[in-house]
Amino acid sequence: MDVKLPVAGLVAEAWGLALRAALPSLPWLAGLMVLAGLYRLGLGVDAGAMINMFLLVAVFAAGVAFSLRAYRSMLGTAPGSFLQLAHANLAIYMAFLFVGVFIGFFLAILPGILLEASGRTDLDAKTDPAVVQAAFMDMLPTAYGAVFVVACALGLWALCFFAVRLLLVGAATASRGETMVFRTWPWTKGHAFRLSIAAFATHVGPFFAAIAVNAVLAPTLGTSPVGLFIGGALGVLLLAPFLLAGHGLAVSVLPRLVPATAETPAIAPVT
């Protein structure tokens, strides 16, 4: 399908959809904040592996419920179920874990290979970590360091490209009433560049803004039980624009890229 995505229009529509879904999804967001706060508290006070695992599962379930409520508000109608969206999310997480472990393993061993190749130090099991770190920092301004930087950039690009190509999974699952994972991959073919530009306004900007605000507020919260709980809940609240705008971009793009042979989801106009 030869479609030229209107980047500015997509961004405007995405934020409009985010505003539409903000109030209806607020109770689910509040539940997610409470569970995230409890999970942060459990980690901070060492509540035990079983309790923390239970809380992590609860956070995931609350996140799926929040996403489903947001998608339904944006789409106007959405036959997708909680289990279908949870299945799709788990599939994406597993795919990212597989790709991320592969990239991370390569980047973890690459410095050692480059240090050996540069001849700056002889590495073995008994080499002092401080010596290795000093040699690595000394290598960074050289061509070997440039190779490592380029490898890191390519790894980040691969993860971002993977995320952009799977942008429509959640919205498609909610709108079509069936679990959609890699079946949406062909729909975004040839559109990664424009989707990436739009994502800077709906994903990248809000995400790093939330991280920056959280980093500024974290020292004032401290490590008391109350501070840990508030920190976890506040982290989710700060990420709410990122989550809602990200969902909004997917919903905005979906009817433009869904194949002609597939049923186009009904999306209520943004007002």
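Since this is a predicted model, take the numbers as computed values, not measurements.

A. Focus on unusual backbone geometry. A positive phi angle, near 55°, is found at Asp-46, a position not held by glycine. With respect to the helices and strands, Asp-46 occurs in the loop between helix H2 (26-44) and helix H3 (49-75).

B. Molecular detail of the packing of H3 against helix H9 (residues 225-257). At a minimum axis separation of 10 Å, H3 and H9 run at an interaxial angle of 50°. The pairing of H3 with H9 is recorded here as oblique in orientation. When you trace H3 past H9, the crossing you get is right-handed. Touching Phe-66, Ser-67, Ala-70, Tyr-71, Met-74 and Leu-75 of H3 are Leu-243, Leu-244, His-247, Gly-248 and Val-251, all from H9. In terms of residue class, the contact of H3 with H9 is made up of eight nonpolar, three polar and no charged.

C. Geometry of H9. Its 33 residues give H9 an end-to-end C-alpha distance of 47 Å, which sits within 8% of 48 Å, the value for a rise of 1.5 Å per residue. At Leu-239, H9 shows its largest bend, some 40°, and a proline, Pro-241, comes one to four positions later.

D. Structural detail: the side chain of Asn-52. With respect to the helices and strands, the residue Asn-52 is situated in helix H3. On the basis of relative accessibility, which here comes to 11%, the residue Asn-52 falls in the buried class. Apart from residues no more than four positions distant in its own chain, Asn-52 is found in contact with Tyr-39, Gly-42, Leu-43 and Ala-47.

E. Focus on the nonpolar core. In terms of nonpolar packing, the biggest core is built from 46 residues, with Tyr-71, Leu-168, Trp-187, Leu-244, Leu-249, Val-251 and Val-253 touching the most fellow members. Every element with two or more residues in this core is listed here: helix H1 (7-22), H2, H3, helix H4 (82-118), helix H7 (169-176), helix H8 (192-221) and H9. Take this core: its biggest share by element is 10 residues, from H9. Beyond its immediate sequence surroundings of up to four residues, Leu-244 is in contact with Ala-18, Ala-21, Ala-22, Ser-25, Phe-66, Ala-70 and Met-74. Formed by 10 residues, the second largest nonpolar core is a distinct cluster that contains Leu-115, Phe-136, Phe-148 and Ala-151.

F. Focus on the pattern of salt bridges. By the definition in use, this model includes three salt bridges. Arg-176 is paired through a salt bridge with Glu-178; the nearest N and O atoms lie 3.6 Å apart. Under the relative-accessibility criterion, Arg-176 is labelled partly exposed at 27%. With a closest N to O distance of 3.2 Å, Arg-183 and Glu-178 form a salt bridge. We classify Glu-178 as partly exposed; its relative accessible area is 28%. Taken together, the shared-partner salt bridges in this structure form one network comprising Arg-176, Glu-178 and Arg-183.

G. Fine view of H7. Most of H7 sits out of view: seven of its eight residues are buried. By the burial criterion, the buried members of H7 are Val-169, Gly-170, Ala-171, Ala-172, Thr-173, Ala-174 and Ser-175. On its buried side, H7 packs onto H3, H4 and H9. Immediately downstream of H7, the backbone of Gly-177 shows phi near 75°, a positive value.

H. Representation of the packing of aromatic side chains within the structure. Across all of its chains, the model carries 10 aromatic pairs by this definition. For the pair Phe-60 and Tyr-93, a centre-to-centre distance of 5.9 Å together with 70° between the ring planes defines the contact as edge-to-face. Taken as a pair, Phe-60 in helix H3 and Tyr-93 in helix H4 lie far apart in primary sequence, 33 residues in all. Measuring from centroid to centroid gives 5.8 Å for Phe-162 and Trp-185, while their planes differ by 55°, and the two rings are tilted. Placement of the pair is Phe-162 in helix H6 (residues 143-165) and Trp-185 in the loop between H7 and H8, with a sequence separation of 23 residues. One aromatic cluster is present, built from ring pairs that chain together Phe-96, Trp-157, Phe-161, Phe-162, Phe-182 and Trp-185. Positioned above the aromatic ring of Trp-28, the side-chain terminus of Arg-69 is 5.9 Å from the ring centre. Seen from the ring of Trp-185, Arg-165 lies directly overhead, with NZ or CZ sitting 4.2 Å from the centre.

I. A look at the side chain of Ser-25. Take Ser-25: it is sitting in the loop between H1 and H2. Classification of Ser-25 as buried rests on a relative accessible area of 1%. For Ser-25, the contacting residues outside a window of four places in its chain are Phe-66, Arg-69, Ala-70 and Leu-244.

Definitions and cut-offs
Residues numbered from 1 in each chain as written. Predicted model: local features only at pLDDT ≥ 70, side-chain atom pairs only at ≥ 80, totals over all residues. Heavy atoms only, no water. Helix = DSSP H or I, 4+ residues; strand = E, 2+ residues; numbered from the N terminus. Axes fitted to C-alpha atoms, helices over the stretch in contact; angles between N-to-C directions. Parallel < 35°, antiparallel > 145°, perpendicular 65-115°, else oblique. Left-handed = near helix turned anticlockwise from the far one by under 90°. Contact = heavy atoms within 4.5 Å. Nonpolar A, V, L, I, M, F, W, Y, C, P; charged D, E, K, R; others polar. Expected span 1.5 Å × (residues − 1). Bend = angle between axes of the 7 residues up to and from the residue. Buried < 20%, exposed > 50% of the residue type's maximum accessible area, 1.4 Å probe, protein only. Core = buried A, V, L, I, M, F, W, Y, C linked by side-chain atoms within 4.5 Å. Salt bridge = Lys/Arg side-chain N within 4 Å of Asp/Glu carboxyl O. Phe/Tyr/Trp six-rings, centres within 6.5 Å; stacked < 30°, edge-to-face > 60°. Lys NZ or Arg CZ within 6 Å of the ring centre and 35° of its normal.

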